[in-house]
Every structure is written in C-alpha cells, then in structure tokens.
Amino acid sequence: MAISFVLQDEIQAILDNDSYHIPHEHDPTDEDLGTLLEAAVEAVAESSEAITDPEVFDVYRSLLKYSKAVPGLIMSKLLDSISSGLQTELDATMREMDRGDQQGYMAHKLPLEHFAFLLLWFVSAAEKVKDPDDEDVPAPKGRRGRGGKAGGKASSRNPANKKGETWTWIDQIPATLSLISKALRLTTQRIWTITAEREAFLTCMTRPAYQITESETYMKVEAIKLGVQKIICLAVKHHGHSIAAQVAIMQHLQFYEHLAEPMAECLSILANEFDHAQLGDEMLREIAGKNFTSNAQDQKGSRVFARFLIKFAEEAPRSILKQMSLLLEQMDSESYPIRVALVEVIGLLIKELADAGADEEQRNTQKQIVDLYELLLTRLMDMSSYVRAKVLQVLSKLCDIRGKYPKQRLQITAAGVSALSDKVSTVRKGAVSLLIKLLVTHPYGLIQGGLLEESVFDAEYQTVKGELAKVEDRIGKAVERNDEEDADNDDDEEVEEDAEPSKRQKRLKSDDQMDVDGEEVDGEEEDKGGDTEEDEPSMVVDGEDDESRTPKKAKKRSKLGPRKSQLNVAALSSEQEALAALEGDKILQLRLKKKYYAEALNFIRQIEGSMEIMGELLGSTHKSEVLEAIDFFRVSHEYHFESAKIGVKKMIHLIWTKDNTSTSEEGNEIKGIRSRLLDCYKNIYFDPLPDLSPKEQVNRIAKNMIELTYDATLAELTSLEEMMRIMMDDNQVHPDIQSKLWQVYSTNKQLPKAQRRGAIAILGMLALAKRSMLTDRVETMLKTGLGPLGKADLTLSRYTCVALQRLNGSAKKVKGSLSDKTVRLDMDNPIFRKLQSVIEMPCRSRDWFGLAEQAINAIYALGEHPDVLCNDIIKKLTVRAFNQTRKPKTSTESQPADKDPDAMDEDHPETRDSDDIMPAPDTQSSDKDKGSDVGDAFELSQLLFVVGHVAIKQIVFLELVEREWKRQKDEKQAGNYSIIFMQSILSERILFIAEKQAASKGGPQVSKDGEELDQVAGNAEDEIGEQIAAVRETELLYGERSLLAIYGPMLVHICGSPHKFKNRTLRAAATLSFSKFLCVSSQFCDANHSLLFKILETSRDADIRSNIVIALGDVAVSFNNIIDENSNELYKGLSDKNLVVKKNTLMVLTHLILNGMIKVKGQLGEMAKCLEDPEPRIADLAKLFFKELSTKENAIYNNLPDVISHLSTGDHAVDEETFQSTLKYIFTFIEKEKQAENIVEKLCQRFHLSEEPRQWRDISYCLSLLPFKSERSVKKLIEGLQFYRDKLHEPKVFERFQEILGKASIFVPPLDKPDSDLDEFEKILEEHRAQGEEDHAMEKRVGKKKAAAARKRGAAPTRKTRSRKAAPVDDHDADQYED
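Here's what I pulled together on the structure shown here. (Residues numbered from 1 in each chain as written. Predicted model: local features only at pLDDT ≥ 70, side-chain atom pairs only at ≥ 80, totals over all residues. Heavy atoms only, no water.)

### With respect to the overall build of the protein
Argument step 1. Helix and strand counts for the protein stand at 70 helices and two strands.
Argument step 2. The buried share among the 1379 residues of the protein stands at 50%.
Argument step 3. Considering only contacts within the protein whose residues lie at least 6 apart along the sequence, 75% involve residues at least 24 apart.
Argument step 4. If you sum the accessible surface of the protein, you get close to 67300 Å²; carbon and sulfur atoms cover 50% of it. (Helix = DSSP H or I, 4+ residues; strand = E, 2+ residues; numbered from the N terminus. Buried < 20%, exposed > 50% of the residue type's maximum accessible area, 1.4 Å probe, protein only. Contact = heavy atoms within 4.5 Å. Areas by Shrake-Rupley, 256 points an atom, 1.4 Å probe, with all protein chains shown as cover.)

Here it is in structure tokens:
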C-alpha cells in the first residue's frame, strides 16, 4: 500500500514534469514498455485497488512522465486501463454509498484519488503529445509512428494504413469526458470531508475539461463541447465549483476567442437545465465592472466578451435582463465592440419581452420595452459609426416582433429618416434598410389592402373625425371630450395642418386603360375625341374626386359648427344620458380609429419626407447604398407613395453604371447596380401579374412602357433608350408586346397624342438592338408618322424620324476600324420623298424645328446621296422664303410666330427673356409692319435652320466618305460604287475627281478604276485625309459650286444686324446656324468668331446665349486655337444671371479644360466661385470639376496662386466667408508635402506685396489650411517672418498663426529640433504683434494730428476758395454729365 499520497501535492508536482520524482521509476528506453504495462494492467484488472500499490502506480506514472517516447498503442492501453479502473471504483463506491456503508465507500477514497490523478496527468500528456502542426486535423499522429491498435473506430477505418494505426486522442475525448461526468455524480462531501481534499479531487475532474476547451478544433466537435459543458455544470451545481469556474471561464475568455459562444451556452444550460443562475449572474457582474479601453491590445478581449454577451442574451435573456442595470454602465465604455454588443443585447431583450406569454405582468413589461426602445434610439447619437449602424440593424429586426408599438415605430421612423444624412455610408445603408423594413411590416393595412396613399388616409381621417364630432355633439359630451383627448391633441393638430397640401396633389389612376383593339372598345375611349393636346388628361385624374369631396366636408363642418357653440351642458336630459350609455362603445371605437389614421398619416408623411434624401443616395459612390436606395423606391412605389414615382424615374440614369458585377456580402450574393435596376423596373412595370389574362398582361406592359415616356426629359429618354436596348438584347420583350406597340402607334382610333408618341419612341429604342423589327413596318411609319397624323402632331413625326434612323443598323464604330456596317438606301426610296415633304410643308409651329432636325438626320443616316436631296430642299425653302409675288400672310397666320418665342428644339422656353438683343426705340412704330413681314421672317428662320444643320451633317458625312475611300483603297476595290459614292459630296474638287474618273473609264472595271483612284489620291492615306480636309476648309463655304457658300454672308449679316432683324425666332435660328457654320471651316471661323462672342455679350435672350455657349464648345473641339485665344469671353458665362446659361457654360468649360482643348490662363478663379453657388446643381458640377482636375498632375497646385488672387483682390473678389469656404475645399487637393512647402514660401512672400488688411487675412487663412506635417514647412514659415511681422497686429492674422502653431506642435519634432524652437517662434510672434499694435496706434495718432493741423492751416483759404468757386456753371456743360 502507498505510504504517503497527498493529491494536492502531487497535482502541484506534475506541473514540472522533468523534476517529478517517482520512487520506482522505469526508463522507456531501457525496458520493454509492453511487458511493463501488461503486468500493471493485469494487476489493476484483478483489483482496481491495486493502483495504490507503489510499484503498479509507478509504472503508470513512469509512462506518463515519458509520454513523448511512448508509442500510440501503449498510450491507448494506458488510457483504457485508467478508464476501466476508475469506472470500476466509481461503480463500487456508488454501491457502497447506496447501502450507506461509510466504511465501505471511504475505503475507495485513495484509489479514486490515484485514478483521478492519473487521468489528469494523462490528459495533460496527451495534449503535449499531439503534433501542433495537426491543429486542424482531427487525428494527430503519434510521435514515433510505430503504430498499434488505436482504440476501436479510429483503427477500424483504415486498418492497412500506417496513419490509421497512429493513436488519436480526439476520438477518446468524448468517452473520457463522459467518465468524468459520472465521477462528478458522486456525493464528494461524504467521501472527502476536508474541503482541501475535496477541492483537489474536483481539480482532477475539472481541469481536463478546461484544458480540452483551449483547443478550437476540439470545441468544434459537438460531443466534446457538450461533454465539457456537462462537467462544468455538474461541478458547479453539486460540488461548489462556482467560484473556481468563474475564475477559469473569465481567464479563458481573455485568452481564447473561440470560447465566447461555448461558455455562454454553458452558463445558459446551467441556468435553464440545472436551475443554477448564480454563476451567470456573477459573470455578468464581473463583466459589468471591467474597464475596457480602446487600445489595440484590449480590443481583442473586448470583442470576445461582446460575443459572449450576445450569445448569452440569445440563450438566457432573462438572466441578462436581471443584470441589465449594471451592464448599461458599459454603454459609456471606450471600447465600441462592447457598446455594439449591448445594443444587440437590448434588441434581444425587447424581442423576449414582446414574445412573453399572457401570464406576464403586461403593464410592467410594456414599460420595460418602452425604456429599452428609448435606450436604443439614444445610441443613434453614439460617436462610433459601428454602434449607430448596429442600432439601425437591431431596430430593423425588431420590426418583425409580435407587438407593433405604433408610438415607438413612429420614433424609429423619424430616427431612420434622420440617419439618412449620416456621414458614414454603412449607417446610411442601415437607415435605408430600416425604412424598407418599416414599410414592409407597417401596421396600417386595414384599408386598401395595405397600400399607403396619403390622400386615402387623409380622407378617412377627416371622415372619422367628422363622425366622432357628430356623435359627441349628439350625446352632449363636447365639454368632456377636450379633457379625454388631451393625449391625442398634438397628433390631431399636426395631421390637420398637414392635411391641406395633400388635397392639392394629383395621382395617376391605377385602372386607366389603353385599349386599342378592334374587337373591344370602351365607351370612354370612343368619347375621347381626336389626337389633341387637350385629350391627354384622359389618362390622368386631376384630383376631381378630392375636389368633389371637399365641399361635402365643408358642409358638414358648417352644420356642426353652430351646434357646438349652442351646446348647454347643464341642460342634459335623462334621455341624452341614456343615449350616451348606448353609444359609449361607438365613441371609443371612433376615437381609436381617429388615432389609428393620425398615426398612419404621420408615418406616411415621414416616409414622404425622406424621398429627397433618398434620391441623393442614388448618386452615392458606395454600391451598397445605391442598391438599398433602389430597393426602397421599389417598395415605396408598390405601396403607392406619390414621391416614389420621382425616385423611380430618377434611378433610371443608373443604367449607365459600369459596375454590373455580382459580389458577395455576409454570405449573400449581391447583384450589380445595373442588374438590380433592371430587376426593379421589371418588377414595377414589366413583370406579369398573376391575376390577369395574357391579353391583359400585354396591354398592361405596353401601357407601362409608353407611360415611361410621358413628361420625360431628354436625359431620361436617353437612359430609357439604353434600358430598352439591353432588354431587347436579352430577348426580354415579348413579340406580342412589340405588336401591341405597333397597334397603338398605327391605329385609326382617336388616342391621346402622348400614347401614340410613346409607342413609336419605345419602338425606336427597341430597334437599336434589333433593326429587323422596323424593316417590315416602314410603310406603317410613313403612313402614320409622316402622314396626316404626323402632320397634325409634329412631335409624333419627330419620333418617327428618329425610329427611321435605326434602319441603318446603328452599328457602333470601332476606333481605328475602316469597316462600315450601316445600310444605305437609294435616293428614290419613298422614305426620302416623305421626309422631304415633311420638311417643306407649310408650318408655323415651334415643333417644326425639332422635326426638321431629325428628318435631316434620317436623310443623312439612310441616304446614299443625302446632299443631293438636301440641295433640293434648301433651294425650295429659299424660293419660298424670298418669293415676293406671294400674297402677304394675314395677321391671324402671323400671330403664332409672334406669340410663340420658342423657335428651336434646343431652346428652353421656361428661361426665355422677353427683351431683344439690342434696344429698339422704334418698337411701337415697327409693330404696324409686323403683320406683313413676320411670315417671311419665320420661313426665313426655317431656311436658315435647315442650312445650318445640313452644314454640320455634311461634315460628318465627309468623314464617312473619307473612311469609305480609305477602306476601298485598303481592299484595292475602288470600283464604280466608290465613284458614285464620292459624287455625293458638296465639293467642287472631289466631284471633279470623281467625274474625271468616270469619264476616263465608262465601264465598271474594278482594277483600272482602282489604279486611277490611287493615282489621284496618292499612295498614302494621309493624302486622303488632307484632300477631305481641304474640301471642308475651302470648298463647302467658299467653293464656286457650293450651295452653302451663298448662305454664309447672309448669316453674318442677319446676326450682325439685330436692329434690322428683330424677330426672335429668326435671330435664334440664324445664331444657331451661324454657330454651326463656324464649325465647318477654320477660315470662316477665324473671320467671324468675334461676332459670336459679341452676340454672347450683348444678347438679352437667355436661350440664344445658352445655345452660343454650347456652340462655342463645339467650335473649340474643331478649332481650339481660335477659341483658346478668346477663352476669357467664354468664362463670362459663369457670371450670367440665367441658371441655364451658367450651367451650360460650366459644363462646356469642364469638358474643354479636362480634355486639354483650352488652356487655363488664370481664369480658374471664376470656376472656383461656382463652388459656393446658391444653386446646388452648379455647386455640385464645380466640385466634380475640381475633383477631376486634381487627377491631372499639379493642375490645381500650379493655378492656386491665381485662384487666391482672383478671389481676394480686384473686381472679381468675393466676400471673406465665401473666400474661406471656397479655398477650404480647394486646399483638400494639396496632398504632397513638397507642394505644401512651396505654397508656404509663396504665400509668405505675398504679405510683402499686399497692403490691405483683407488680403492679409486671406493669406493667413490659406496658410492655416496647410497641414504643416514636416519640419521644412515650419522652417519656411519661420524664414518668411520678415514678410508678415508687421501684419501681426491684425487680430485675425495673429489668430491664424496661432492655429498654425497648434498644428505644428502635434507632430513630434526631431531630436535636434526640440519644442523650444516652436516656443521661441511663438514668443517672437507675440513680440511683433505687440510692436505692431503700438506702431499702428501711433500712426493713427500722427494721422489725426496732421489732419487737425491741415484743417487749421487751410481754414481761411478754404473759405475764400469756396467763395470763388460759387460762380455760375454753364448749363451746357452740366448736360454733358446728365446721363
């Protein structure tokens, strides 16, 4: 038997394995381990108490001490022997304890301690034996690889594999833990009466479990995790292990991140299954008292505890709730992960309380929920964006709880709308997600199937309010009502104030039809009348129902009003009291309904108020925000929010986004922006509805497509065109829908004009992807769009011309490629006759100009010889305009031209001024002649417009000819076709070349014609380009046989004589055509560009100025040298009072500067002024310009001195506040240290040259914007002291230098430049400031004395001089300055 075995001492001793003393130690290298172990195992097998025999016990201890040298087979047998021996002892002990034989079970105390000790040592040894490289491998290898039977299943899986024979500890862990759990079921207090001995035995049982938890690989195995948790729970519940467990768990949480969730689950099991919540409470108290800092080392620990709290709240929310008052102290913790965790914990607690059963104290529970909601909303002001984002995420999850809590939902909605303006994108994304969730889960679905139309709810609210007032008046409770509804008065007043604007809003009817089928005609459709503008509202409801309701409500109020004033509460009869008792329930019901509608209206208006900010998020640079904003508008549109239509319309511009790749976020696949946009539009407009027939589906989708074109701007139509093209490319537009669109377009029934226009517009868009859909319908387009219907609706004709242009294939040109896949038609095709007739038809509508533009575009897009047809058109228009034998137009015919100032499609009627270009004093006398010549003026405007547009299209056509010529030369196939093709040019020289070729060889001999073409054009391609350039330069506008040459002088004369040609339409058309002529020839441009600048300077017509600005941009692309010399004139548009002119000028300059077409010569200050423009669009464009300019190397740095001078001094100077905000933005692009150093030096030198205090303040402010991160920057500032020392008496200047010193002191100075240098510089600044103040004060005193002395000396002479100057002044001289 063992002479001495103290378990506590032995546990302490094995901590130092090498120095552990064993009396009968066996060296594994000298003895046969198998034989040695076999004898010991047999002894233990015969009697488990044999373990107390020193020789047997020492065999086990020797093997464990040298476990690194023990093979896997021996380790497996060793574990089996220890486990079986312990199992036998436990069974025997439990039997003795059940019989109550104290002497019997006390006899097992020592063997139990021996086996417990060996098991503890074995677990420690097994952990050390395993290869650390096999951390992620379930079965670690044995040290020597000699193998052996590795215990059951592990060896049976791979019996022939050597790796399969290695001993695997992980497979033995579940059984070992189960054995320890069984041991912990002993009543240890009866066996170990001494606390120290009992604690030692418990240590042997629990320490293996804690050691196993240290491995993340082990804890991923469910059986091992549950075994460990069971051991800890049994030890705490039955053996007083609570304090030790608390210490161990806290330590393990600090060092092992993977234990956060398992330990939280363990405490939850202990509280729920073992009814022991004290340990969890103590853990929470300790965590509440910890001090988590924000340093990097402590962040790891705080994240573990944060995950622990979240998991514990999920598993045992009631335990967390009890300690919440203490945990809330961590809301002020420096560590944001703890605050994030507490936010999520609060959300879990709200969910738990909301889901509580009926037996709970409802009033107390509701109060707790309200308080927790208040806590959450308060955290939206947290400094950390992670916390704010988590709050929004938690609030979004809480929208799904059973209780809706309307008051809290309104607070959450307001908080979500406010968070949309957060600076951090993740917070804004969370806010959008929250608002979407609030919409989807809203509790106001009792009417309209859950739709949230403000007008409907407002009408219901007013109805209920009237009914309630009527009932209350009838039962005589008007006085009491005020007292009972105190809680709702605020809401009612708010709703009543906001109700009025909603009545003025108009909305589209959801059931408007677009039936053009021959077999089904509604009565409404038949009564609509012709295709007139007045008929267009037939598809729109102008709020007539609202207007018809309003008088009824007014009558109700008028009836109720006197009744209220005449009430006499004292005259209540018993009959009224009985009526009150009967209708009490009805009053309560009406009050609840009133409150319901008031809250619904509040919610709807909050969501409506967020639409503007949500629209801005569509332009965000963060993809996740944009995707969420798209989803928001989709959902809000489904719920019939009025403002959602604007957002849906705005988001269509995202079709141009290049990001179309799918990404993965939080395990979810996220589509690209363009894909999400297409899905959104399909969901809203194009996806079939389940309850409609196929025919109704087609009608609905076609109607939606057409309605997308209603009131659409040019930009929206362009984006819609791209969307339709993509959908057509993907075969997502069913042929039945295309047929329906053709049917709407070509039907003879009377339809609103917008419908027919929209149909052909959509068809033209779809044809971009599939030209074949137009080829079979050409006759339909000519008959409808260019026939009687088209002539009655010029916009319809214009869209038809656009669609006809798609017939050429619209193939995109590859840069550098000579191939041309477009289709050209013979000039005798009926299309061209129709186009010519449309252009030449008599018309005085402003829409004619847009139609003529697209008709000419179609001619040049489709015709082989477009110039031949345009030649004829120009001649006929000329004859019509200058035909003197024609009868003069009547006053009724000329009236539209005078009344309608808009003459061109490019103009903007809403910005047109009423003044002429030049003042006309004889306006009244000239009015008499207007009736006779205005018709000619309008027709002359038409002629000039066509001439100008033909000129610009001819340039494009010349480029096509040049490319075709090069292609034919490249392929050596310059046959008869090329001769014909080149005859299409309006130039003397090329026509002569082609005629010469045709005359020399009459037949289509390809090879010889090609050789002669080579001889004429030269052997190099650049000669071809030079030839075409010569035609453009000298022939088009100056050639003897050029038709366009006749109109150049005419345009110059009309544009240069505004006093003669006063018709606004004529001036606008002439100016536009003149601008296009300038793009044709550099010779013409050089001679006449000054006239265009003069018109830009003197014209009072904003549309003319706007068009000129755009035209100058085109001229600069063609002849940048000419415009670059006069770029100062172009910058004047930035000071224009008209918003459109200013915006166009800014956009044109942005394009020209960023693409290097004009050089910046000190005018960048004018662009900088736009940064603070009151119009947001101008300011945003200016910011975009400077952001792009900053990507050009040193562009902002090189022009910064000029910008500062421009904004600070001279006639262009701005006020100080504007100067500071502008420069603050620009200085953000100065990032290089070298640039900052040079700017410091230049700005210091400016002090020397400036005399005004305003300039000193501006320069010092610019200096304060620099970072001063380097020693050299500070050195440059100190060296420049001589330039600004006499300016320091100015308070603002000195204040700026104080700010600079504060910045410089933040950065640690080098060792050889201690802080004393900055301190000394600060003292010098202070001395110069004091000296400057004294000098300044002295100058003031001296100046006052000099002025006083001068007044004394000059008093008498002054009086005499004044008397002499009193002589009369000649009246004629005074008149000279009268103006």
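### Some points on the pattern of salt bridges
Argument step 1. Inspection of every chain in the model, using the stated rule, returns 49 salt bridges.
Argument step 2. In this structure, Glu722 engages Arg725 in a salt bridge whose closest nitrogen and oxygen atoms are separated by 2.7 Å. One end of the pair is Glu722 and the other is Arg725, both in helix α36 (residues 714-729) and three residues apart, which spans about a single turn.
Argument step 3. Classification of Arg725 by relative accessible area gives partly exposed; the value is 22%.
Argument step 4. Residue Arg1064 pairs with Asp1101 through a salt bridge whose shortest N-O separation is 3.1 Å. In this pair, Arg1064 sits in helix α53 (residues 1064-1078) while Asp1101 sits in the loop between α54 (1082-1098) and α55 (1102-1118), placing the two residues 37 residues apart along the sequence. Asp1101 matches Arg1064 in its accessibility class, with the two residues each being buried.
Argument step 5. Here the residues in one salt-bridge network are Glu222, Lys225, Glu265, Lys311, Glu314 and Glu315, joined through shared partners. (Salt bridge = Lys/Arg side-chain N within 4 Å of Asp/Glu carboxyl O.)

### Examining the packing of helix α2 (residues 33-46) against helix α4 (residues 72-99)
Argument step 1. Taken N-terminus to C-terminus, the directions of α2 and α4 make an angle of 10°; their axes are 10 Å apart at the nearest point. Relative to α4, the element α2 lies roughly parallel. The segment α2 lies against α4, with Leu33, Gly34, Leu37, Glu38, Val41 and Val44 engaging Ile74, Lys77, Leu78, Ser81 and Gly85.
Argument step 2. Of the residues in the contact of α2 with α4, the class split is six nonpolar, three polar and two charged. (Axes fitted to C-alpha atoms, helices over the stretch in contact; angles between N-to-C directions. Parallel < 35°, antiparallel > 145°, perpendicular 65-115°, else oblique. Nonpolar A, V, L, I, M, F, W, Y, C, P; charged D, E, K, R; others polar.)

### Digging into the packing of aromatic side chains
Argument step 1. Counting across every chain of the model gives 30 aromatic pairs.
Argument step 2. Each ring, one from Tyr685 and one from Phe686, has its centre 6.0 Å from the other, and the planes form 45°; the classification is tilted.
Argument step 3. On the accessibility criterion, Tyr685 (14% relative accessible area) is buried.
Argument step 4. Taking the centre distance of 6.1 Å and the plane angle of 65° together, the rings of Trp742 and Tyr745 count as edge-to-face. Residue Trp742 and its partner Tyr745 are located together in helix α37 (residues 735-746), separated by three residues, close to a single helical turn. Like Tyr745, Trp742 is buried.
Argument step 5. By the ring-pair criterion, three or more aromatic residues cluster together here, those being Tyr444, Phe457, Tyr596, Tyr597 and Phe603.
Argument step 6. Cation over ring: Arg798 sits above Tyr799, and NZ or CZ is 5.1 Å from the ring centre.
Argument step 7. The cationic tip of Arg1254 hangs over the ring face of Phe1219; the distance from NZ or CZ to the ring centre is 5.9 Å. (Phe/Tyr/Trp six-rings, centres within 6.5 Å; stacked < 30°, edge-to-face > 60°. Lys NZ or Arg CZ within 6 Å of the ring centre and 35° of its normal.)

### Digging into unusual backbone geometry
Argument step 1. We note that Asn731 has phi near 55°; this positive angle belongs to a residue other than glycine.
Argument step 2. Of note, Asn731 is situated in the loop between α36 and α37.
Argument step 3. The exposure class of Asn731 is exposed, given its relative accessible area of 68%.
Argument step 4. A positive phi angle, near 60°, is found at Asn1194, a position not held by glycine.
Argument step 5. In this fold, Asn1194 is placed in the loop between α60 (1176-1189) and α61 (1195-1208).
Argument step 6. With relative accessibility at 27%, the residue Asn1194 sits in the partly exposed group.

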